[in-house]
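Residue-level listing of the chains:
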Amino acid sequence: MDIQNRKSILNKERGSSLIKCLGECEIGDELEVIKVDAGGTATQRLATLGIVPGVKIIKSKSAPFNGPVEIIVKGTKIVLGRGLVAKIIVSCNNICMG
Amino acid sequence: MKDCCSHKERKKNQFIGNKINIALAGNPNVGKSVIFNQLTGLSQTIGNWPGKTVEKMEGHLNFLGHNINIVDLPGIYSLSAYSLEEIVSREYIASDEVDLIINVIDATNLERNLFFTFQLLELKIPIVIAVNQMDILRKRNKDINFEMFEQIFKVPVIPVVAVHGVGVYQLLEEAIELIYEHKFNPHKKEHRKKRRTHHHHFKIKHMYPKLELNTSSRELFQFPDLSPLLSFGKEVEEKIQLLEDNIEQNIGDTEKYHYPSRFIALKLLENDREIEKLISKDIHNSEIIKTSKDYRKNLEEYHGEEISTIISSEIYQNINKIIDSILIIDTRKETKKQSITDIIDHLTTHSILGYVILALVLIGIYYFTFIIGDFLGGLVDQLYTYLSTDIDTSTVAGKILWEGAVGGFFGAVGGVLVYVIPFFLLIEILQDSGYLPRAAFLLDKFMHVLGVHGKTIITMILGFGCNVPACAGCRIMETEREKKISIALTSLIPCAATMVVVMGLVGEYLGIGFVGLLFLINFIVIIFVGRILNKTMPGECTELIMEMHEYRKPNTRVIIKQTWVRTREFVFRSLPIIILIGILLEVMYIFSVLESVNIILTPITVFCLGLPAVTGIFLIYGILRKELTFALLEVLAVSIGVGSVSLLLSPIQMFVFSLVTMLYIPCFATIIIIAKQTNWKYALQISLLEITIAIIIGSIVNWGYFLIVNF
């Protein structure tokens, strides 16, 4: 398979990547934030920490009993409560790759 | 408001007397307090969890003939009005009280730290950037191009390794230079670079004469033009400039608000309530606020995002653009090996092992404290017995002095300090390592049941050491409601002083199993109180947003110093009281005054709780410091000659006495802190609630035991 071909396939996959909320993603997924819909202050707080649309994040941990989720954004680990996790919409690229 | 102004004037006068005021500002956990301690020799608490600096702390030093006043501010992520700390820090930085900011940033996390730097630069205040943790960055085969950094930011940028004191005095040197020359002079870069290579044994080349200024140096300072660095995308920048023009036309000089016009424009656009309140105080400014609202709506519609998202995204884009030229990454050496801290991190947040470790850590702290304390206590007892053999206690004065004062002293050392020192040591290690946020991560979900999020676990675990700083730490909670619930729960945690009572009585005479039972009861009470407050307080729980810092090896010097500071505080507050009250009790005992006080309390102590009447006065003293209840019991045992507490109290009395001491009221210092953090009404409500709970549960245990034994 030549490089050109592979690129176009990758692009297609990107186009068909899954959009879901952060809570539904698997641990270790590399994600891109699409939308943060957490309401005024929380959205502002998340934006301050660099969690804005377009940014790449990794879901690194998830606490049991439906607890908080840890993500890696810009090299730092940030823990987010479940309620927020449901309000962060991400696109999940590597599901298709795997 | 009036108070604040007079305060400010006073500060200004101090400046005429050669005082330079420097504020340390930056993200949480970047090492501000470490630099502060290095410079001032003071002992600001250091820990590895976000929010441990709850109030700004001041220190003074004399550097090259200049009187410098340094303020350590709480760590914040931005200068918005999201939390109380941000508002307080912003107002403080903008006020006349600060001549210069040292912005401490973490070299290993430049992007997020520079986000805050960008906001500070908008305030146009003399600034020196301290890039801390350079050693860790270099270990990761990365480096920073400081020349480029200074060229882009046009302010001094100094590499620092705060824990080893590298570069901290150079910060001051640069600061003084900046204040003295009123502008940053990048031409002196060569000269500065040379100095930087010798920062271990730095020497100042020339000394400035003492500052003789009758005005704030800030007014003379020429802030460099940073517009290429700080400007936003076309749409946002256009709106900010229009708004800025509007402000300048309507208000003119924004000096009275202490903020530059561009900063006000930006914050109004961002819908910052505090700035809006400030500006709308003047009725003529309503037009500006209306315009800013229109612009904001405009931008939000254009981008399809909330304004905070738009502006933050653009700042981060600007940072990304410059970070490539600042950060040097040696890709050849980059290794992706899993480090030991990663493994510990993985284990301590594991969905099963994590909880096992958490339980072991908490139990372990108590267990080791008990083992070490018991051993040391035995040694102190032997010493007292050995010393007592040659003392004549037949005279009244001799009896009062020896058995009251010396006995009180040994009671305090043998019964209290031997437990307190190892306990503080373990708590310090725990908080310095960075374990506490992991506990918050694991228990966040559970804490929601009590109406708060996981951060409360941090203050609760610290409460095991001392409720006073732990309740002060409840400031990290974002809303008033959560702060109140957190404070209530934290004040119910048995602290080191309570532990002394529990270990000394129940642990010593009844065994560790009953200590466990006491903790179980305490734990159930905490859940009960949390549930009640969650149900009765209006509002609902906010979600956890918390940075998870990497583990780090606890610094031995820091640990020992902090343990010493805490112990010293404990001793100086507690020992004189114990000895004094020891003497007083001895006198009261001889003249039988104790009886009348105790008789008043008899309905509670004797009837409800089944305790000897004499404990009434002890419980009153215990409000002052909880360990007094036990220490005085020991003193009493010695002075009436029974020798051992076990002859004063029966096993069930010991159990009830310890239980009541655990629950009955936050100590006096804690009540004051609660009142300071919330209000007196709430502090008294909590105290009353806890007294009621203690009496009810104490009675249930006492009468329950009585019924079981007799029927």
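Residues numbered from 1 in each chain as written. Chains lettered and ligands numbered in written order. Predicted model: local features only at pLDDT ≥ 70, side-chain atom pairs only at ≥ 80, totals over all residues. Heavy atoms only, no water.

Quick notes on the overall build of chain B
Definition in use: Runs of H or I in DSSP of at least four residues are treated as helices and runs of E of at least two as strands, each being numbered from the N terminus. Between buried and exposed lies partly exposed: a residue is buried under 20% and exposed over 50% of the maximum accessible area for its type, with that area taken using a 1.4 Å probe on protein chains only. By definition, residues are in contact when any of their heavy atoms lie within 4.5 Å.
When helices and strands are counted, chain B shows 31 helices and nine strands. Within the span of chain B, comprising 711 residues, buried residues form 57% of the whole. Contacts spanning at least 24 positions in sequence make up 75% of the contacts within chain B whose residues lie at least 6 apart.

Some details on the sheet that holds strand S9 (residues 545–548) of chain B
Threshold: Here the rule is simple: two strands pair whenever DSSP picks up at least two bridges between them. Every angle, taken between N-to-C directions, lies between 0 and 180 degrees, and every axis is a line fitted to C-alpha atoms, over only the stretch in contact when it is a helix.
With respect to topology, seven strands assemble into an open sheet ordered S1(A)-S6(A)-S2(A)-S3(A)-S4(A)-S5(A)-S9(B), the strand pairing being antiparallel. This sheet does not close on itself; its edge strands, each paired only once, are strand S1 (18–21) of chain A together with S9 of chain B. Adjacent strand axes in the sheet meet at a mean angle of 40°, parallel and antiparallel pairs treated alike.

Topic: the nonpolar core
Just so we agree on the cut-off: In this description, a nonpolar core means a group of buried Ala, Val, Leu, Ile, Met, Phe, Trp, Tyr and Cys residues linked to one another through side-chain atoms lying within 4.5 Å.
Core analysis: the largest hydrophobic core is formed by 110 residues, its most contacted members being Phe423, Leu489, Leu505, Leu663 and Ile697 of chain B. Counting 97 residues, the second largest nonpolar core, distinct from the first, contains Ile70, Val157, Leu172 and Ile315 of chain B.

A few points about the packing of aromatic side chains
Residue and element names in this part refer to chain B. For clarity, the threshold we go by: Between 30 and 60 degrees the pair is tilted, below 30 it is stacked and above 60 it is edge-to-face, where a pair is any two Phe, Tyr or Trp rings, Trp via its six-membered ring, whose centres lie within 6.5 Å. In this scheme, Lys NZ or Arg CZ marks a charge over a ring once it lies within 6 Å of the ring centre and within 35 degrees of the ring normal.
The tally for this structure, following the rule as stated, stands at 10 aromatic pairs over all chains. Pairing Tyr259 with Phe263 gives two aromatic rings, centres 5.2 Å apart and planes at 20°, and the pair type is stacked. On the basis of relative accessibility, which here comes to 1%, the residue Phe263 falls in the buried class. The side chain of Lys239 reaches across the aromatic face of Tyr295, ending 5.7 Å from its centre. Over the ring of Tyr551 we find Arg438, and its NZ or CZ is 4.2 Å from the ring centre.

Section: the packing of helix H24 (residues 512–536) of chain B against helix H29 (residues 651–663) of chain B
Residues and elements named next belong to chain B. Note the threshold: The handedness criterion is simple: a crossing whose near helix is rotated anticlockwise from the far helix by less than a right angle is left-handed, and one whose near helix is rotated clockwise is right-handed. For this scheme, ten residues count as nonpolar: Ala, Val, Leu, Ile, Met, Phe, Trp, Tyr, Cys and Pro. Four count as charged, namely Asp, Glu, Lys and Arg, and the remainder, Gly too, count as polar.
Where H24 meets H29, the axes come as close as 11 Å, and the angle between the chain directions of the two elements is 35°. Judged by the sense of rotation from one axis to the other, the crossing of H24 with H29 is right-handed. Every residue of H29 that contacts H24 at Phe514, Leu517, Leu518, Phe519, Ile521, Asn522 and Val525 is listed here: Phe655, Ser658, Leu659, Met662 and Leu663. Tallied by class, residues from the contact of H24 with H29 come to 10 nonpolar, two polar and no charged.

Some remarks on unusual backbone geometry
Peptide bonds are mostly trans, and most non-glycine residues show a negative phi. Residue and element names in this part refer to chain B. Even without being glycine, His258 reaches a positive phi, approximately 70°. With respect to the helices, strands and loops of the structure, His258 is situated in the loop between helix H11 (234–250) and helix H12 (261–269). A positive phi angle, close to 65°, is found at Asn271, a residue other than glycine. Judged by relative accessible area, Asn271 falls into the partly exposed class, the value being 29%.

Some words on the sheet that holds strand S4 (residues 100–106) of chain B
Residues and elements named next belong to chain B. The six strands lie next to each other as S2-S3-S1-S4-S5-S7, forming an open sheet whose pairing is mixed. In the strand order of this sheet, the two ends are held by strand S2 (57–63) and strand S7 (157–159), each with one partner. Across the sheet, the mean angle separating the axes of adjacent strands is 25° when strand polarity is ignored. Of the strand pairs in this sheet, strand S1 (residues 19–26) and S4 are connected by five bridges, and their pairing is parallel.

A look at the pairing of S1 of chain B
Within S1 of chain B, eight of the eight residues are buried, leaving the element largely enclosed by the surrounding structure. On S1 of chain B, burial covers both faces: Lys19, Asn21, Ala23 and Ala25 of chain B on one face and Ile20, Ile22, Leu24 and Gly26 of chain B on the other are all buried.

A look at the interface of chain B and chain A
Basically, it comes down to this: In short, buried area is how much 1.4 Å probe accessible area vanishes from two parts on joining, totalled over both. What counts as a salt bridge is simple: a side-chain nitrogen of Lys or Arg found within 4 Å of a carboxyl oxygen of Asp or Glu. For the purposes of these results, a polar contact is taken to be a pair of N or O atoms within 3.5 Å, where, inside protein, one atom must be able to donate a hydrogen and its partner to accept one; residues adjacent in sequence count only when each atom of the pair is a side-chain atom.
Taken together, the contacts link 34 residues of chain B with 35 residues of chain A. Contact with chain A buries area across many residues of chain B, yet Tyr82, Phe441 and Ile545 of chain B alone supply 21% of it, more than any other trio. Lys77 of chain A is the partner of Glu550 of chain B in a salt bridge, and the nearest nitrogen-oxygen pair spans 3.4 Å. The interface formed by chain B and chain A contains 13 residue pairs in polar contact (both at pLDDT 80 or more). Contributions of two or more residues to the side of chain B that touches chain A are made by helix H4 (110–121), helix H15 (307–326), helix H16 (340–348), helix H19 (436–449) and S9 of chain B. Of all the elements, H15 of chain B adds the most residues to the side of chain B that touches chain A, at six residues. Within the side of chain B that touches chain A, the residues separate by chemical class into 11 nonpolar, 11 polar and 12 charged.

Considerations on the side chain of Thr567 of chain B
Within the secondary structure, Thr567 of chain B sits in helix H25 (residues 556–590). Setting aside anything within four residues of it in sequence, one finds Thr567 of chain B in contact with Leu417, Ile421 and Phe424 of chain B.

Looking at the confidence of the model for chain A
Residues and elements named next belong to chain A. What counts, and what does not: pLDDT is a residue-level measure of predictor confidence that goes from 0 to 100.
Scored by pLDDT, chain A comes out at a mean of 79, with 77% of its residues at no less than 70. Ranking the elements of chain A by mean pLDDT puts helix H4 (residues 94–97) last with 46 and strand S4 (residues 69–73) first with 93. A low-confidence stretch, residues 6–13 stays under pLDDT 50, and its non-local contacts, those more than four residues away or across chains, total five contacts.

Re helix H22 (residues 480–491) of chain B
All names here are of chain B. Basically, it comes down to this: Under the convention used throughout, the expected extent of a helix is 1.5 Å for every residue step, that is, one less than its residue count.
Its 12 residues place the ends of H22 16 Å apart at the C-alpha level, agreeing with the 16 Å of an ideal helix rising 1.5 Å per residue. With 10 of 12 residues buried, H22 is to be regarded as a mostly interior element. Those residues of H22 that fall on the buried side of the exposure criterion are Arg481, Glu482, Lys483, Ile485, Ser486, Ile487, Ala488, Leu489, Thr490 and Ser491. Among the structural elements, H19, helix H20 (455–463), helix H21 (467–472), H24, helix H30 (668–677) and helix H31 (680–710) are those in contact with the buried residues of H22.

Description of the packing of H4 of chain B against H15 of chain B
Residue and element names in this part refer to chain B. Close contact between H4 and H15 brings their axes to 9 Å; oriented N to C, the two are set at 115°. Crossing of H4 against H15: the hand is right-handed. Across from Leu110, Glu111, Arg112, Leu114, Phe115, Phe118 and Gln119 in H4, the residues of H15 making contact are Ser312, Ile315, Tyr316, Asn318, Ile319, Asn320, Ile322, Ile323 and Ile326. Among the residues making up the contact of H4 with H15, the classes are represented as 10 nonpolar, four polar and two charged.

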